[in-house]
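# Commentary on secondary and tertiary structure
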Amino acid sequence: MRVLLLGGTSEARELAAALVAAGVDVTSSLAGRVAQPRLPVGPVRIGGFGGVDGLRAALADFEVVVDATHPFALGMSANALVACNNFRPLLRLERTAWPIDPAWCEADTHADAAAAAARLGRRPFITVGRQELATFIADLGDHAVLARVVDTPDVVLPRSWELITSRGPYSEASERDLLRTHRSDVLITKNSGGSYTWPKLAAAQELGVNVVMIRRPARPPQAELTVVSSVDEAIAWVQEQL
Ligand code: NAP
């Protein structure tokens, strides 16, 4: 049985490693958003499938699909639902969101987050990824922004912005140092959940830095879709399919 694992997350890499170790034929699929992705164990394919039709055609080579894409990657999940419908068993592996801290300012969109951050501080630290940076320029163009991304964005950034290209995970101590050195007064982040990117929030809390948290986009409920939140549950589901 061949498994297609839609990845791009640490959970997807963990699942790929566990399935390969168990002798399961699993191919991981990455969007190709970063130049040098952290590769999972086992076979990997990179790049879009070409929408629902392309994915449906690709499924000829797989019997089972696990969608372990990022909680904010709605497009891939939506395509997987349609392509797999009445054709291939599909599992959604999605880590649990961070519980809301009443001290956070929550925002529904990146644009709302930019407006909220402009009200809350003058020295924002933006950690939302390269694809969304441009959304923050209108509200924060004259702020002393520190933006952290994996790869340099295509957009021209305002002169008052400083860009750091690096990739986590980061320790709480290094996040604290970064917030202190930059003198950040507001942190902007997505509610990605998990422990991987939590240290920046722990550091912000410790230093009394404001937090603007972008809520996860709502996913329409799908009665027929099995959803799990841990890698162990995903392994068990794949083994059941076997
Ligand atoms: P998306 O909206 O889910 O995907 C857009 C298109 O990219 C998909 O329709 C698909 O193209 C391709 N794609 C996405 N994931 C893929 C995968 N695992 N394998 C093959 N193709 C894939 O996701 P996005 O545009 O990358 O990102 C949306 C949000 O998620 C952003 O906020 C981003 O920061 C966040 N995010 C994404 C990733 C990631 O790995 N994609 C990782 C971390 C955070 P086709 O229609 O051509 O198949």
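In what follows, the structure referred to is the one given above.
Summary of the structure given here. Predicted model only: the values in this text are computed from it and were never measured.

## A look at the overall build of the protein chain
When helices and strands are counted, the protein chain shows 8 helices and 12 strands. Counting only C-alpha atoms and orienting by the principal axes, one finds that the protein chain spans roughly 55 × 35 × 30 Å. Taken across its 242 residues, the protein chain has 43% of its residues classed as buried. For the protein chain, the centre of its 24 positive side-chain charges and the centre of its 27 negative side-chain charges are spaced 5 Å apart.

## Points about the side chain of Ser-10
Along the polypeptide, Ser-10 turns up in helix α1 (residues 10–21). Owing to a relative accessible area of 18%, Ser-10 belongs among the buried residues under this scheme. Not counting chain neighbours up to four residues away, the residues in contact with Ser-10 comprise Arg-95 and Tyr-196.

## Brief notes about the site of the ligand
The ligand sits among 23 residues. The nearest are Ser-29, Arg-33, Phe-49, Met-76 and Glu-132. A distance of 3.4 Å separates an oxygen atom of the ligand from a polar atom in the backbone of Phe-72. A per-element tally of the shell around the ligand places helix α3 (residues 74–84) first, with 4 residues. When the residues that make up the shell around the ligand are grouped by side-chain class, the tally is 7 nonpolar, 12 polar and 4 charged.

## Considering the sheet that holds strand β8 (residues 146–149)
The 6 strands lie next to each other as β6-β11-β10-β7-β8-β9, forming an open sheet whose pairing is parallel. Looking at the sheet topology across the chains shown, the edges are occupied by β6 (105–107) and β9 (162–165). Strand-to-strand twist in this sheet, taken as the mean axis angle between neighbours without regard to direction, amounts to 20 degrees. Sheet topology places β8 next to β9; 4 bridges connect them, and they run parallel. The residue bridging Ala-147 from the neighbouring strand is Leu-163, located in β9.

## Structural notes on the sheet that holds strand β12 (residues 226–228)
One open sheet accounts for 6 strands, arranged β3-β2-β1-β4-β5-β12; its pairing is parallel. The open sheet is flanked by β3 (44–46) and β12, the only strands paired with a single partner. For this sheet, the mean inter-axis angle between neighbouring strands, taken without regard to orientation, is 20 degrees. Relative to β3, strand β2 (residues 25–30) runs parallel, the two sharing 3 bridges. Among the inter-strand pairings, Leu-30 is bridged to a residue of β3, identified as Ile-46. Lying on the sheet, α3 is in contact with β1 (2–6), β4 (64–67) and β5 (90–93); it crosses β5 at an angle near 160 degrees.

## A short note on the packing of aromatic side chains
According to the stated counting rule, one finds 2 aromatic pairs in the structure shown. Across the ring face of Phe-87, the terminal group of Arg-88 is positioned such that the distance to the ring centre comes to 4.1 Å. Across the ring face of Phe-72, the terminal group of Lys-190 is positioned such that the distance to the ring centre comes to 5.5 Å.

## Re the packing of helix α2 (residues 51–58) against α3
Put simply, α2 and α3 touch, their axes get as near as 9 Å, and they point 55 degrees apart. It follows from the interaxial angle that α2 and α3 lie oblique. The hand of the α2/α3 crossing is right-handed. Contact residues: Gly-51, Val-52, Leu-55 and Arg-56 in α2; Met-76, Asn-79, Ala-80, Val-82 and Ala-83 in α3. A class-by-class count of the residues in the contact of α2 with α3 yields 6 nonpolar, 2 polar and 1 charged.

## Focus on the pairing of strand β7 (residues 124–127)
Regular strands place side chains that alternate from one sheet face to the opposite one. Residues Pro-124 and Ile-126 line one face of β7 and the alternating positions Phe-125 and Thr-127 line the opposite face, and both faces are buried. The pairing of β7 with strand β10 (residues 186–190) spans 4 bridges and is classified as parallel. The residue of β10 that forms the bridge with Ile-126 is Ile-188. Bridge count for β7 against β8 is 2 bridges, and the pairing is parallel. Note that in β8 the partner of Phe-125 across the bridge is Leu-146.

## Observations concerning unusual backbone geometry
The residue after Gly-168, namely Pro-169, is reached through a cis peptide bond having omega 5 degrees. With respect to the helices, strands and loops of the structure, Pro-169 is situated in the loop between β9 and α6 (172–182). A positive phi angle, close to 55 degrees, is found at Asn-86, a residue other than glycine. A residue is classified by how much of its surface remains accessible, and Asn-86, at 77% relative accessible area, is exposed.

Parameters and conventions
By convention here, each chain's residues receive numbers from 1 onward along its written sequence. In view of the model being predicted, local features appear only for residues whose pLDDT reaches at least 70, and side-chain atom pairs are presented and counted only at 80 or more, with totals across whole chains, interfaces and linings using the full set of residues. Side-chain calculation: all heavy atoms of the structure are included, whereas hydrogens and water are not. In this text, helices come from DSSP runs of H or I with a minimum length of four residues, and strands from runs of E with a minimum of two, each type numbered from the N-terminal end. When accessible area is computed with a 1.4 Å probe and restricted to protein chains, residues below 20% of their type maximum are described as buried, those above 50% as exposed, and intermediate ones as partly exposed. For the charge count, each Lys or Arg is scored as positive and each Asp or Glu as negative, with His and the chain ends excluded. Here the site of a charge means NZ on Lys, CZ on Arg, CG on Asp, or CD on Glu. Residue contacts are counted whenever heavy atoms from the two residues lie within 4.5 Å of one another. Near is defined per residue: the residue qualifies when any heavy atom it owns lies within 4 Å of the molecule or strand. Two N or O atoms count as a polar contact when they lie within 3.5 Å, although within protein this holds only if one can serve as hydrogen donor and the other as acceptor, and sequence-adjacent residues are included solely when both atoms are side-chain atoms. Residue polarity is assigned by list, with Asp, Glu, Lys and Arg as charged and Ala, Val, Leu, Ile, Met, Phe, Trp, Tyr, Cys and Pro as nonpolar; anything else, Gly included, falls into the polar class. Strand pairing is defined by DSSP finding a minimum of two bridges between the two strands. For helices, the fitted line uses only the C-alpha atoms of the stretch in contact; every axis is such a line through C-alpha atoms, and the angle between N-to-C directions lies from 0 to 180 degrees. Two aromatic rings from Phe, Tyr or Trp, using only the six-membered ring of Trp, form a pair when their centres are within 6.5 Å; if the ring planes differ by under 30 degrees the pair is stacked, by over 60 it is edge-to-face, and anything between is tilted. By definition, being over a ring means that NZ of Lys or CZ of Arg is both within 6 Å of the ring centre and within 35 degrees of the ring normal. Put simply, angles under 35 degrees are roughly parallel, angles over 145 are roughly antiparallel, angles from 65 to 115 are roughly perpendicular, and the rest are oblique. Working rule for handedness: look at the near helix, and if it is turned counterclockwise from the far one by less than a right angle, call the crossing left-handed; if clockwise, right-handed.

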